[in-house]
Each structure stands twice: as structure tokens, then as C-alpha cells.
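Each chain is listed here by its residues.
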Amino acid sequence: MYPNDIRCYSSAEPPAHIVIGMPALSPTMTQGNIAKWRKKEGDKIEVGDIICEIETDKATLEFESLEEGFLAKILVPDGAKDVPVGQPIAITVEDLNDIQNITESVLGGSEVKETKSTESDVKTEDTVQQSSSEKLDASKLPPHIFIEMPALSPTMDQGNIARWRKKEGDKIEVGDIICEIETDKATLEFECLEEGYLAKILAPEGSKEVAVGQPIAITVEDPADVEAVKSHVSGNLAAKEAKPAQHTTHDKEVKEQKPSFSRISPSAKLLIAHHKLDASSIMASGPRGTLLKSDVLNAIKSGTGAVKSSSSELKTPPSKGQPQTHTSLSVSSEIQQLDSYVDIPNSQIRKVIARRLLESKQNIPHLYLTTDVILDPLLSFRKELKEKFGVKVSVNDIVIKTVAIALRNVPKANAFWDDNKGEIVLCDSVDISIAVATEKGLMTPIVKHADHKSISSISLEIKELAEKARAGKLTPNEFQGGTFSISNLGMFPVDQFCAIINPPQSGILAVGRGNTVVESVFDENGIEKPAAVTKMNVTLSADHRVFDGEVAGAFLGALKSNFSDIRRLLI
């Protein structure tokens, strides 16, 4: 039986069947894409037959059958993206005659969300922006489908609507780009898996932090149903907006009748008098209902403090020995201090980076080891490539290659910690993640199989990936995964730094700038003499659960050997 499958028996209907779930084909896999179905509905399945091809976070793999039977129903079609591990993707039966009964009795609970969506909660434009839940009477709508915010990366739990490619009323074909969604990694295109017409957009352009699974649009099959959906949703919104307005008016009347405080501090009283505010419109946060100076300043800043009419102004004469001009100046300086900063909204990528770095530092026992490497052989090799072969590569390109070869020579360093199993898992390939700074945040495109690639091919690939990262055009397979990371600040006046591990990886190398120093060296005759050499500091941040002192030391030793004899990269 498949690891994620459910076998169902019944004396009545439905017949005995197996619900096949999306399998976990790699240790880090949390979801997969259905690349191609090898079997069609009704086909006979033997043990060992390839049912379908699944695109994981590492590669496209074949999914073999472990039991014989007949493929009764495919629940997830070709091209389906981001299917979570364990989610039903197909149903099999033992008897060919049971297929018809399966399609009539089982599919209502396993296949389509369309039926369930008629009873589900739908968030309209106001609910997306205000994060409040509103319900539509979907039973009054014509046949329709709710399009939900997809999970376009394993770590994505919410996204932003960057741009709608289709307008309300537009025809949608299979494979059309509906909209552009800003995820926790990049801005990706959202393809349609079914044809129809875009009846209503529930999350407009610019909507922020829309939860995965939340409806963002409604589609219909018949273009004549577009107006019915639009008018029903719009009418539903108008009816729900009227009630809050009435409550707001009533609340304001109550506030005018009854103040929210029992006493006022002297400094708060001065501010209220100076700005001619209605004290009853300001909420008190002090002990025993005291209205504090901070409450008034917050009300001024947010604009919630109502201006008091001239007939009820609070008159507070200045105290003796404290001239009125001094009070005005102090109040002005306080307001200026409030305006001395600017709130910059975080992008989705920034929020995820902040959360994941915090989790990494809190949950991963970081081990730091640092060493200096001689850079002169690398610089000479780079100069030789340019002069003799016309090949232009950067220092960082060669650093990637040296790290990849060191990881290949020390396989225990090319591993990660599996929390579920509580053990170390060795990686099959050497995939290097490179930190690239973009306007939206730090991205880590991956050079896959870096140990088998030439330095020139690594250089070309890095340039392409960096351009796509800065343009927000990286595809998930270009930034998801990776077995080891490199963060290079050598282009800045940074001699040494410690980087934070990018989970689920277990190591990251922080590379500083090269510095010319004078130290004693031995010439060809074995005579010691002073000489100028270029040194570069590298610091390894390692997961101590994976790297003990021996593994970390062996990795840095292999790295130093690669730098000292650059010909090792050609082996």
C-alpha cells in the first residue's frame, strides 16, 4: 500500500477502493507538481507500473504502483501545481466494474472543491483588505468556481496580488496567466487550469497578505452568467457596508455622551487645550481610567482626536512662572519628534526572510569556524584565463567552484538535519545557493551540480540567475532547494562576518574581502623571506547537529587546499 494512501471498504456503497495521496519522494518535499499521467482512467495497473511523473523540489521522478488494480479516477490533472503531500490525487479499484460506482458515490468527498465551495465562506474586496470574514449566499449564484490564493512555494502561507492579467468578463483558456502573485520568494505568474470566464475579482490589485486558500476570484462557464455573479456580489457588499456605518454613528453618539476617562493628567490637559481637542473623543490607557499625555499625542498623530467646538473649549490658563510660549514650543517639539521617522511597509519576501532567519537562529545550533585562505593563486589563474583564453570570470565564480569541490571531497558536509527522523541525511548532488541582494530582499538562486560544471558555465549561469532574481522572474525550481549557501561581501569593506544558516541547509560560507599583508614565506631554495600576499577570510556557519569539529575542519582543510592549488578545480 502507498505510504499516503487510504484503503476503503464497505458492505454497501461505495465499493472497495484506494485513495492515492501525493507521495513524499524526497526528504524535503512538502508538495509536488503532476508533470504527466502515464495511465488513463480505466487502465489496468500492475505492481511496478509507472502511474505518473511528479515534479518534486529536486527533480522530476516516476511514481510506481505498489499494488495492482484499475485507475478509477484522476483527481489532480496534468500540470497541477503545488499539490501538498498526502492530498488525494487518484482513486483505484480492484474490479473494473466498480469504476462506474466510484464516480457516482466517492467523488463528492474526494475530488472537486466546486460543490463544497457553494457552502464555503468567500472574502470580498473589503474582507481581503481588512482581514474580516464575510459570507456570500453562493446558492443563489449560477454554476461557478472559486479561484483561491495558491501556494506557489513550500514556505508560502500568504501572498500579494501584484497585477491582474485578466479583467472581469474576459475569456480564460487553459494555461492563460490570470494574475501575477508576489510570494515569499519572487513575483510569479498564476496559470489557469480550467477554461471559463472571469466573473468577479475578489482581491484587487495591490491586495496584501492574502492567505493561501482564500478566494481571490470567481469564474463561470457561461458568459451570460458574468453579470449575475457581479451584481450578486456587489449587492452583498453594499448590504454589509450599511450596517457597520450605522454602528459607527451610534458609537460616536455614545462617546459624546460619556467620556472614556475618569481623570486627566496635567500634561494631557495642556495638549488638549493647545490643540483644541474634544477630550471625550480620546481613549484613556492610564491606570484607573487616567487620560495620559501619550494618549493625546497618539490621537494627534493618528488624527482620531476630534476638534472641540468653540462653545465647549477647555480653557487652561498657564501656571505661574511658566510662560505660554514655552508650552507651545514644547508641544511643537513633541509633535516634530513624532514625525521624525517614516514607516516603510515590508514586502512579502522581507517578512518571510525575517521570520525564517529568526527561526534559524533560535532552532539551529550554530557552530562558527573561521580561517584565512591565500588568494594569489586564484588571482593569477583568473588573469591567465582572461589573457590566454579570453574567458572573463569573477572571483566569486571561482569561489563557488572551490566550495563545490570541497563539498564533493567531504560528503558529510553536504548534508542536512531531518527533524522528523532525528538524523543526518546526505545529499546526492552539490547545489550551491548564492545570496543575491534585490530591492525586495535577499534571494538565493541555485547553481545545481556545481561540482560538475566548468567555471565559465558557472559564471554565465550566475549572471542569468542574478538578473532574473533582481527582476523578480525566478521560477521556483531556480531558488528552491540547495544543499549549501555562499554569502560574499568581498565587494564591500568587510573583512569578516558570520552568516545565518538558510534552513533546511546545514551550512553557509561567509566570504570577506581580500587584503594584502606581509608575512614570511619560503622561496624555491627553502630560504625564509618576507613577501606580500593576498589573504581572504572565510567563516563557516554550520549546524552543529550535522557538523562536528572533525567534519567542519575537514571541509575547511579541503577548501584551503583548493585555494592554494587552483589546479585541483580541473580534476
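None of the values given here were measured: they were computed from a predicted structure.

**Things to note about the overall build of the protein**
A tally of helices and strands in the protein yields 14 helices and 29 strands. Of all intrachain contacts in the protein linking residues separated by at least 6 positions in sequence, the fraction that spans at least 24 positions is 63%. Summed over its atoms, the accessible surface of the protein is roughly 30,200 Å², and 51% of this surface lies on carbon and sulfur atoms.

**Some details on unusual backbone geometry**
For the bond running from P503 to P504, omega is 10°, close enough to zero to count as cis. By the secondary structure assignment, P504 is in the loop between β27 (484-488) and β28 (507-522). At E209, a position not held by glycine, the phi torsion is positive, near 55°. For H449, which is not a glycine, the phi torsion comes out positive at approximately 55°. Within the element layout of this structure, H449 appears in the loop between β26 (446-447) and α12 (455-470). By relative accessible area, which is 42% here, H449 ends up partly exposed.

**Regarding the confidence of the model for the protein**
In this model, the protein carries an average pLDDT of 79, and 77% of its residues clear a pLDDT of 70 or more. Ranking the helices and strands of the protein by mean pLDDT puts β27 first, with 96, and helix α3 (residues 113-117) last, with 37. Counted against residues more than four places away or in other chains, residues 108-134, with its pLDDT under 50, gives 55 contacts. Across residues 245-257 the pLDDT falls below 50, and counting only partners more than four positions away or on other chains, this stretch makes three contacts in the model.

**Focus: the packing of helix α6 (residues 266-275) against helix α7 (residues 293-302)**
At their nearest, the axes of α6 and α7 sit 7 Å apart, and the two run at 30° to each other. In terms of orientation, α6 and α7 fall into the roughly parallel class. Across the interface between the two elements, S267, A268, L271, I272 and H275 from α6 touch K293, V296, L297 and I300 from α7. In the contact of α6 with α7, the residues fall into six nonpolar, two polar and one charged.

**Section: the sheet that holds β28**
With respect to topology, six strands assemble into an open sheet ordered β20-β29-β28-β27-β23-β26, the strand pairing being mixed. Of all strands in the sheet, those with a lone pairing partner are β20 (366-374) and β26, marking the two edges. Here strand β23 (residues 432-434) pairs with β27 via three bridges, running parallel. Paired with I434 across the two strands is I486, which belongs to β27. Across the face of the sheet, helix α14 (residues 549-564) comes into contact with β20, β27, β28 and β29 (528-543) while running at roughly 20° to β20.

**Some remarks on the side chain of N160**
Relative to the helices and strands, N160 is located in strand β11 (residues 158-164). There is a polar contact of 2.7 Å between the side chain of N160 and the backbone nitrogen of E209. Every residue in contact with N160, bar those within four places of it in the chain, is listed here: E180, I181, E182, S207, K208, E209 and Q348.

**Topic: the environment of K383**
Along the chain, the position of K383 falls in helix α10 (residues 376-389). You can call K383 exposed: its relative accessible area is 51%. Placed 10 residues apart in sequence, K383 and V393 show a C-alpha to C-alpha distance of 9.2 Å.

**What about α7?**
Among all positions in α7, only D295, V296, L297 and A299 are buried. G303 sits one or two positions beyond α7 and adopts a positive phi of about 80°.

**As for the pattern of salt bridges**
Per the counting criterion, the structure on display carries 24 salt bridges. Between R38 and E62 there is a salt bridge, and its shortest N-O distance comes to 2.9 Å. Of this pair, R38 sits in the loop between β3 (31-37) and β4 (44-45) while E62 sits in strand β6 (residues 60-64), and the two are 24 residues apart along the sequence. Residue K200 is joined to E168 by a salt bridge in which the shortest nitrogen-to-oxygen separation is 3.8 Å. Placement of K200 in strand β15 (residues 196-201) and of E168 in the loop between β11 and β12 (171-172) is noted, with a sequence separation of 32 residues between them.

**Quick look at the packing of aromatic side chains**
Considering all chains together, one arrives at one aromatic pair under this definition. A centroid spacing of 5.5 Å and a plane angle of 50° characterise the contact between F484 and F555, whose relative ring orientation is tilted. With F484 in strand β27 and F555 in helix α14, this residue pair connects regions lying 71 residues apart in the sequence. With a relative accessible area of 0%, F484 lands in the buried category. Using a relative accessible area of 0% as the deciding quantity, one classes F555 as buried. Geometry around F70 places K44 over its ring, the cationic atom sitting 4.9 Å from the centre. One residue, K171, lies across the ring of Y197, its end atom 5.2 Å from the ring centre.

**With respect to the nonpolar core**
I216, V403, I432, L540 and F555 are the most contacted members of the largest nonpolar core, which has 73 residues in total. The element that contributes the greatest number of residues to this core is helix α11 (residues 395-409), accounting for eight residues. Beyond its immediate stretch of four places on either side in the chain, I432 contacts I400, V403, A404, L407, P445, I446, V447, A450, F484 and I486. In this structure, I18, F63, A72 and A80 belong to the second largest nonpolar core, which totals 26 residues.

**Section: the pairing of β29**
Judged from the nine bridges that link them, β20 and β29 form a sheet pairing that is antiparallel. Pairing of T371 across the sheet is with V538, part of β29. Turn length for the β28-β29 hairpin, with the two strands adjacent in sequence and antiparallel, is five residues, and the turn residue G526 shows positive phi of about 80°.

**Comments concerning the sheet that holds β3**
Here we have four strands laid out as an open sheet, ordered β6-β5-β3-β8, and antiparallel in their pairing. Looking at which strands have only one partner, the edges of the open sheet turn out to be β6 and β8 (83-84).

What counts, and where the lines are drawn
Residues numbered from 1 in each chain as written. Predicted model: local features only at pLDDT ≥ 70, side-chain atom pairs only at ≥ 80, totals over all residues. Heavy atoms only, no water. Helix = DSSP H or I, 4+ residues; strand = E, 2+ residues; numbered from the N terminus. Contact = heavy atoms within 4.5 Å. Areas by Shrake-Rupley, 256 points an atom, 1.4 Å probe, with all protein chains shown as cover. Buried < 20%, exposed > 50% of the residue type's maximum accessible area, 1.4 Å probe, protein only. pLDDT = per-residue confidence, 0-100. Axes fitted to C-alpha atoms, helices over the stretch in contact; angles between N-to-C directions. Parallel < 35°, antiparallel > 145°, perpendicular 65-115°, else oblique. Nonpolar A, V, L, I, M, F, W, Y, C, P; charged D, E, K, R; others polar. Pairing = 2+ DSSP bridges. Polar contact = N/O pair within 3.5 Å; in protein donor to acceptor, adjacent residues only side chain to side chain. Salt bridge = Lys/Arg side-chain N within 4 Å of Asp/Glu carboxyl O. Phe/Tyr/Trp six-rings, centres within 6.5 Å; stacked < 30°, edge-to-face > 60°. Lys NZ or Arg CZ within 6 Å of the ring centre and 35° of its normal. Core = buried A, V, L, I, M, F, W, Y, C linked by side-chain atoms within 4.5 Å.

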